[in-house]
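Chain by chain, the residues:
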Amino acid sequence: ETDEILNVSYDPTRELYRDYNELFAQYWEKETGRKVNIRQSHGGSGKQARAVIDGLKADVVTLALAYDIDEISAQSKLIPPNWQQNLPRNSSPYTSTIVFLVRKGNPKGIKDWNDLIKPGVEVITPNPKTSGGARWNYLAAWGYVLNRELGDLKKINNPENAAEVNAAEKKAQEFIAELYKHVPVLDSGARGATTTFAQRGIGDVLLAWENEAFLSINQLGADKFDIVVPPISILAEPPVAVVDKVVDKRGTRKIAEAYLKYLYSPEAQRLAARHFYRPAYPEKADPADIARFAKTKLFTIDEVFGGWRKAQKAHFFDGGIFDRIYQPGYK
Amino acid sequence: MFINILKSTDKRPGLNPPLIVNMAITVIALGFLFLFVIMPLIIVLKEAFSAGLSLWWASISEKDALAALRLTLLVAAIAVPVNLVFGLAASWALAKFRFKGKSLIITLIDLPFAVSPVVSGLIYVLLFGLHGWFGPWLAEHDLQIIFAVPGIVLATVFVTFPFVARELIPLMSEQGTDEEQAALSLGASGWQTFRRVTLPNIKWGLMYGIILCNARAMGEFGAVSVVSGHIRGETNTLPLQVEVLYNEYNFVAAFAVASLLAGLALVTLALKSIVEWKSKHD
Amino acid sequence: MSIILKNISKTFGDFHALKDINIEFQSGELTALLGPSGSGKTTLLRIVAGLEEADRNANADILFDSRTVTSSPVNRRQVGFVFQHYALFRHMTVFENIAFGLRVKPRDERPSKQDIKDKVNELLRLVQMETMAGRYPSQLSGGQRQRIALARALAIEPKVLLLDEPFGALDAQVRAELRRWLRKLHDTLHVTSIFVTHDQEEALEVADRIVVMNCGAIEQIGTPNEVFHRPATEFVMQFLGDVNVFHGRIESDSAIFNEVVPLTKNRENAARLLVRPHDLTIQSTPGDGPALPAKVYRVLTAGPIVKVELIDRHNRLIQVHLSHDGYNQTMVKLHEEVYLVPRESRVYANNDAWTGAYVI
Amino acid sequence: MSIILKNISKTFGDFHALKDINIEFQSGELTALLGPSGSGKTTLLRIVAGLEEADRNANADILFDSRTVTSSPVNRRQVGFVFQHYALFRHMTVFENIAFGLRVKPRDERPSKQDIKDKVNELLRLVQMETMAGRYPSQLSGGQRQRIALARALAIEPKVLLLDEPFGALDAQVRAELRRWLRKLHDTLHVTSIFVTHDQEEALEVADRIVVMNCGAIEQIGTPNEVFHRPATEFVMQFLGDVNVFHGRIESDSAIFNEVVPLTKNRENAARLLVRPHDLTIQSTPGDGPALPAKVYRVLTAGPIVKVELIDRHNRLIQVHLSHDGYNQTMVKLHEEVYLVPRESRVYANNDAWTGAYVI
Amino acid sequence: MSFRFKESSVLPGFGLSLGYTLLYLGLIVLLPLSALVFKSSELGFSGFFKTILDPRVLASFKLTFGASLIAAAVNVVFGTIVAWFLVRIRFPGKRLIDAIVDLPFALPTAVSGITLAMLYSPNGKLGIFLQSIGIKVAFTQLGITIALIFIGLPFVIRTVQPALEEMDRELEEAASSLGASRTQTLTKVILPLLLPPIITGFTLAFARAVGEYGSVIFIAGNMPMKTEITSLLIITKLEQYDYAGATAIAVAMLLVSLAMILLINLFQSWSGKHSGR
Ligand SMILES: Nc1ncnc2c1ncn2[C@@H]1O[C@H](COP(=O)(O)OP(=O)(O)OP(=O)(O)O)[C@@H](O)[C@H]1O
Ligand SMILES: Nc1ncnc2c1ncn2[C@@H]1O[C@H](COP(=O)(O)OP(=O)(O)OP(=O)(O)O)[C@@H](O)[C@H]1O
Ligand SMILES: [Mg+2]
Ligand SMILES: [Mg+2]
């Protein structure tokens, strides 16, 4: 007799969840004496969300951005709107951030976001319209400019500073426009961009998730690339959620909830750190692993953009700010 | 035999271009094929074996890869015969009879070629997805079509739909209906006529259609990707497995699996060549 | 088995390929359908076989031994059909081609393997092709293919044998040989046979009866002697062998051929005198009766008959065929002026036979 | 232009299609290449045209008006070639087909558009196809296609016209008509022409000279009268028209035909008596000279000549052709016993003509 | 003349086979495609046109159809040459080459894309060379065209090859005996006769190229207005959960392709009837 659940996840988490699933299975058997078989699905985060909306029977989703789970909730009502409050830390058991992957020795001397728009620097980042990862890159750059202009990101949500914020946003828009002028190729996904940078030898810097930057170095050669962590960046929070309607129908709620909850356990946190994710509770992980993560100032989506849905609407929808970069005057 | 290199296959004078022209044609043809077919194939193989034979073997004998292989073969084993039957019926109706509106039907048969693979998957989502036409009914009866094997089969059938029919229609029109009429006049039933006279006459074209259909069925990525659900070891076909491996920065394994696919396709082609060669030498 | 066609018509689109055909084919007879290209021979044969449907019409009917078969499909009619271009199954050996009709019989009627083998071998002997059983059609010559097509049709022991230009695509040599062979075969089997041809010599030599067709209608039905010696219409006369045509006109009671008649004028009372080349004798003097003056233009003595070509007063070519003996007696010389006397001739006025007097 | 072939051989693999051919084709003559299928006629014609290369050989040569052309390619030889299956360009209209040869001329030799048009129209008139200029080959009958193929070949004003079985695939009717027409055309144009045929009647009627081929070698060259009336070999005699063959044997000084000779035995001194059907007379009594007893088996009176089929003592079929007059005089009856007297005959022993005595 | 849907024939099974064809066509192709059309109709008339007349969509149409036409045309030229080589020239190992031609069908499109990008990127085997002579392939419209050439390559070869094999060589001999040079024979006789299979190959290669996604995006660069293909825009819409917008673009694309293929097929059957093929 085995329990079975389906975890619909996004792309480069396969190794993490392979280890975690094993871990959880042992835990679960010890707890309940029952075996569990966790089926695993990986793909682009948005594509996976759409699959769930269209009927892929996921018990839990572990995606790249909260927006995708928000959409599942909004479009299919499979998940309640307040799902993010069901688990600690915005339902993100592990986090990451956006870093720069540069060529060995950092020949162009790239240290901070501002260096990206220096003349002659080519930046590789995927298309935010098709890649969730690319949206993080974009928003990190945006947040950097606001922080630089305002000095304190808290001002954003204070109506008194509206004018100042407005001016800062203008600057941000200019910066972003300039940044994308330095982008020679818009790959459709994060993996494609990594290939473009690492294997095609195009560009001087790749904007990437920290964990993926580590993976690239491991896979493609530590002698070829360096990781540069900018002084400020965004806190990428890949969220997890139980798909209520599905687990209720399948009678797997208990195990699905346990599956996600256990992600916060010391064992799982250690595992996440080993797979280059910043654990929600660093203290529970192996210090050697934690030491690999450079200290940097991290801001959240909620702080700067008021949540994913707002960010998405303002920046990435048709006619949003991103479109206007390529089509001036576009509405 | 090497004396004959680059000579024309036909030795009649006055018709055949001088050796230099043949040489130019050969260079252009081989150059084109080299750039567009052989180089890519070499790259695939080089990457696949870049980490040694054992890693290649490990990559393709891994559990998920084997499951993907099984699924790919299963899907091809359903989609190809289904389209085969359709191709035979369509070419019988379209090639052996004269009626109005033929061009339109042939165009509709071509249509799946013109549909973007993503859209080819999407249309089945629109039909069978939770919010699609038949979705609610299917959900009620707990039937799963997309994000399961049936959906993958359907999408594959769609994208490989035209191959057999397209191959057979011109061939069968060319052959006319004389032999069929003769069979009927000898007392054969319609089915006997088809099986004993029509079918043997088109067997080469049919084989070719099957091979192309099969190659595409096993290689299809875009459409299947939309309806698969990407469940590891369950609904990942080989092309999807390639993508999964690639996306998790496992480059070598991705190309190892890709080389397996190329190998599968070449095996069917080699089989065809053998059969052809044998029947020629009978 | 006798075959009766009643009021059979066939239209393709708005083209009338057959116009109200009525014939009876006698049991055991070998009938030739003779006519120019496009006259509807094939169409008629295909309708008999059931390969084509006649126009629907209350009076139309096809009877095999007085049973109507109008609605029975081709594979139930038990007719042996030999196609003009053989339509052999190219992927089957000669043996398999012949055995086909036996192999597709319903299981309870199907002969045993051994019986099929015996039967096919017997047929191969009949068509003198015993040694070729294992060959494919592409490895046979035209005459051999023809014989296999015939054997294949005979295998199902048809009550009726239909042959569409069975010797159409063959050499003159092979043709003459097969022609004799078909006659012998028919005499052995005595199955009702109809064959299509546009070669009058073939029809005259092989058939018991000849049906002459033109433009979808029947011009004459009769024995070879009847159609050759007593043609019912001008068309039949012209179609059955070489003919010299002289143009003249009807004047009061007689047909006049001794003047130059412009072809376009006086259409209404136009008359034509038809004489076969072997029905003209050559004389050096006009003699008593009617005689046509002409000049010898070319003499072909090579061959079994001597062909003399002459030019008449109106500068038209006239052909005279003589036996070598006859030629040696007359001793015509090139460019000599001679007189032609018709032994036998026919006059037509407005396509009707003219029985009145005529003047050459 | 005269054409001379010297020591021409052609092998395909190890098959000798032509064996050391030597001929001269006279300027302005119409020559027929006559022979059975596979005898090398097409190969020879193709070698003349330059479509095929003869075996390389120091003595081999092809001369057009005494200039060697061995190494000039087909498109420089200025020969008009008419293919057996016409080889019309199916994507071009009749007009375009005929104009093709003019349009592909080098720019400085190419006629103006108007000249091309005039020339093509003239040729269309010549082949009597003025009204069909806009049609595609698929819309033409066989005879019409043939004529277009001819017109196309004539458009380039060839010095030599080569025709490969020009009437091969046509009806007997159309064939006879085109045959006469070709002869007339040749008489008008006087271009050196060679045509291939396997129909002896055609060769005899049309050609000035006939080259009889067999197994890649030439059997006889001569005028129609020469090859028909004085055949050099048994093969020529048999190939040129119907022949009755009687088997006998040579004994001391004479050839004996009055006994039954098993075909397989006594091969060495086998003899054959060849008599054409029109060279036999039928008598009701043996008479004085040699006469063959036979029984009348079938009489065909329909047609320009009467064909009598008889069975001889050895149960073999004998054909006798009579004129209607001759038939009326002899008045044979079915199954009657009669005697056949050869007027003219040839005896061959071991393929050589036998000039000694013979006994029937 | 009375209207006749079908000319009479003794062959059985017309109703059954045509019925099955139409049923299957309806179920597998038309029903799903009608769902596509239906979904796009959610936008309403003006919404539909607003979506497909968006400058970016129009630019992608221009690129997609343009590059597909060029790729199909290139395939016509080189495919015909390759077919000629395979049929008319003796070469050792030709069978092997013959077998390899179908590879583009067998490779998953994504693998093709990655592989081509590897070859043509500035540091790729061919890219280095091309870069040195000043040609940039990867991430340009040229790159897109190259990917489309790759995936459509077998079509022209496989349609021209059998036609060339069966071509009556007497026609060439006839042309040559009429004084035509080899070039004239080629351009005036051989090529016109090969036109129907070439057109078929062109149609199929073109149709396939228009819809292609996987093999293109890795080499395309995907720059809006410049190297963004229509299929990518469809994905973009889907990423925004804009199904209606995505289907609208797909429908527009489909209609254009359908019209073009129908025209070509009609032309084919017209010219076939015309010259009696
Ligand atoms: N399927 C068809 N559609 C239209 N017309 C047809 C069809 N079949 C035959 N015809 C026409 O009917 C007429 C008679 O044709 P049929 O084949 O019976 O002639 P035929 O006497 O056999 O001639 P041939 O000696 O050339 O074979 C011809 O004019 C032909 O064009
Ligand atoms: N390309 C070839 N390869 C091998 N053998 C050939 C080739 N062409 C002709 N032959 C052989 O050469 C012989 C002469 O052929 P050719 O075509 O000249 O005969 P033909 O007298 O024209 O016969 P037909 O009357 O059948 O056309 C035949 O036995 C034929 O099989
Ligand atoms: Mg006919
Ligand atoms: Mg020949």
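Position numbers for residues count from 1 along each chain, tracking the sequence in the order it is written. Whichever chain is written first is A, and whichever ligand is written first is 1; the rest continue in order. Local features in this predicted model are restricted to residues of pLDDT 70 or higher, and side-chain atom pairs are both shown and tallied only at a pLDDT of 80 or more, whereas totals for entire chains, interfaces and linings draw on every residue. Where side-chain values are given, they derive from all heavy atoms of the structure, hydrogens and water being excluded.

### Remarks on the overall build of chain E
Using the following cut-off: Secondary structure is summarised from DSSP: a helix means a run of H or I of at least four residues, a strand means a run of E of at least two, and numbering begins at the N terminus for each. The cut-offs for exposure are 20% and 50% of the maximum accessible area for each residue type, with area from a 1.4 Å probe on protein chains only; residues under the lower value are buried, those over the upper are exposed, and the others partly exposed. We call two residues contacting when some pair of their heavy atoms lies within 4.5 Å.
The secondary structure content of chain E amounts to 13 helices and zero strands. Across chain E, helices and strands are ordered from the amino to the carboxyl terminus as α-α-α-α-α-α-α-α-α-α-α-α-α. Dimensions of chain E, computed from the C-alpha atoms along their principal axes, are close to 65 × 65 × 30 Å. Within chain E, the fraction of its 277 residues that count as buried is 65%. Taking all contacts inside chain E whose residues are at least 6 apart in sequence as the whole, residues at least 24 apart take part in 73%.

### Examining the site of ligand 1
Residues and elements named next belong to chain C. Note the threshold: Nearness here has a simple test: a residue counts as near a molecule or strand if at least one of its heavy atoms is within 4 Å of that partner. N or O atoms closer than or at 3.5 Å make up a polar contact, with two conditions inside protein: a donor-capable atom paired with an acceptor-capable one, and, for residues adjacent in sequence, both atoms drawn from side chains. The accessible surface values rely on the Shrake-Rupley method and a 1.4 Å probe; as for residues, cover is taken only from the protein chains in view. Amino acids outside the nonpolar list (Ala, Val, Leu, Ile, Met, Phe, Trp, Tyr, Cys, Pro) and the charged list (Asp, Glu, Lys, Arg) are all regarded as polar, and Gly is one of them.
Around ligand 1 lies a shell of 13 residues, among which Ser-37, Gly-38, Lys-41, Thr-42 and Thr-43 are the nearest. Here an oxygen atom of ligand 1 and a side-chain polar atom of Glu-165 are 3.2 Å apart. Relative to its unbound accessible area of 640 Å², ligand 1 is 62% covered by the protein chains. Counting only elements with at least two residues in the shell around ligand 1, the list comes to strand 2 (15-25) and helix 1 (41-49). With three residues, helix 1 is the single largest residue contributor to the shell around ligand 1. Across the shell around ligand 1, the residue classes tally to four nonpolar, seven polar and two charged.

### So, the interface of chain A and chain B
In many analyses, interface size is given as the accessible surface area lost on bringing the parts together. Definition in use: The quantity reported as buried area is the accessible area (1.4 Å probe) lost by two parts once they are put together, taken as the sum for both. The term salt bridge refers to a side-chain nitrogen of Lys or Arg lying within 4 Å of a carboxyl oxygen of Asp or Glu.
Taken together, the contact pairs 30 residues of chain A with 27 residues of chain B. Between chain A and chain B, the buried area comes to about 2600 Å², and carbon and sulfur atoms account for 48% of it. When residues of chain A are sorted by the area they lose upon contact with chain B, Arg-14, Asp-54 and Arg-191 of chain A head the list and together hold 28% of the total. Where chain A touches chain B, the interface holds two salt bridges.

### Section: the sheet that holds strand 15 (residues 292-300) of chain D
All names here are of chain D. In plain terms, the rule: Any two strands are treated as partners once DSSP identifies two or more bridges connecting them. Lines fitted to C-alpha atoms define the axes here, with helix axes fitted over just the stretch in contact, and angles between the N-to-C directions of these axes take values from 0 to 180 degrees.
Reading across from one edge, 14-18-15-16-17 is the order of the five strands in this open sheet, with antiparallel pairing throughout. The sheet is open, and its two edges are formed by strand 14 (280-283) and strand 17 (317-323), each paired on a single side. Pairs of neighbouring strands in the sheet enclose a mean axial angle of 45°, with direction left out of account.

### Here we look at the interface of chain B and chain E
Contacts between the two partners involve 102 residues from chain B, matched on the other side by 101 residues from chain E. Interface area, chain B with chain E, both sides summed: about 9300 Å², of which 77% is carbon and sulfur. Our count for the contact surface shared by chain B and chain E stands at zero salt bridges. At the surface where chain B touches chain E, the tally comes to eight residue pairs in polar contact (both at pLDDT 80 or more). It is helix 1 (residues 19-48) of chain B that provides the largest number of residues to the side of chain B that touches chain E, a total of 18 residues.

### Examining the packing of aromatic side chains
Filter applied, for reference: Working definition: rings of Phe, Tyr and Trp (its six-membered ring) pair if their centres are within 6.5 Å, and the pair is stacked with planes under 30 degrees apart, edge-to-face with planes over 60 apart, and tilted otherwise. Only when the NZ of Lys or the CZ of Arg is both within 6 Å of the ring centre and within 35 degrees of the ring normal is a charge said to sit over the ring.
Within the structure shown, the criterion is met by 63 aromatic pairs over all chains. Between Tyr-94 of chain A and Tyr-277 of chain A the ring centres are 4.8 Å apart and the planes differ by 50°, which places this aromatic pair in the tilted class. Residue Tyr-94 of chain A is found in strand 4 (residues 94-103), and its partner Tyr-277 of chain A is found in the loop between helix 11 (266-274) and strand 10 (278-279); the two are separated by 183 residues along the sequence. For Tyr-94 of chain A, a relative accessible area of 2% corresponds to the buried category. Residue classification places Tyr-277 of chain A among the buried positions, given a relative accessible area of 1%. By way of ring pairs, the aromatic residues Tyr-17, Tyr-20, Phe-24, Tyr-27, Trp-28, Tyr-259 and Tyr-262 of chain A are connected into one cluster. In this structure, Arg-292 of chain A packs its charged tip against the face of Phe-214 of chain A, placed 6.0 Å from the ring centre. Arg-152 of chain D extends its terminal NZ or CZ atom over the ring of Phe-89 of chain D, reaching a point 4.7 Å from the ring centre.

### Examining the confidence of the model for chain E
This is how it is decided: Every residue is assigned a pLDDT by the predictor, reflecting its confidence on a scale from 0 to 100.
Across chain E, the average pLDDT comes to 86, with 96% of residues at 70 or higher. The ipTM assigned to the predicted complex is 0.81, against a pTM of 0.83.

### Things to note about the arrangement of the chains
Contacts between protein chains span eight pairs of chains, and they are most numerous for chains B and E. No part of chain A reaches chain C; the closest C-alpha pair between them is 51 Å apart. Nothing in chain A touches chain D, and the closest approach of their C-alpha atoms is 49 Å.

### Focus: the site of ligand 2
All names here are of chain D. In the vicinity of ligand 2, 13 residues are found, and the nearest of them are Ser-37, Gly-38, Lys-41, Thr-42 and Thr-43. The separation between an oxygen atom of ligand 2 and a polar side-chain atom of Ser-37 is 2.4 Å. The backbone of Gly-38 places a nitrogen or oxygen atom 2.7 Å from an oxygen atom of ligand 2. Burial of ligand 2 by the protein chains amounts to 61% of its free accessible area of 630 Å². Listed by contribution, the elements that provide at least two residues to the shell around ligand 2 are strand 2 (15-25) and helix 1 (41-49). The dominant element in the shell around ligand 2, judged by the number of residues it contributes, is helix 1, at three residues. When its residues are assigned to classes, the shell around ligand 2 shows four nonpolar, seven polar and two charged.

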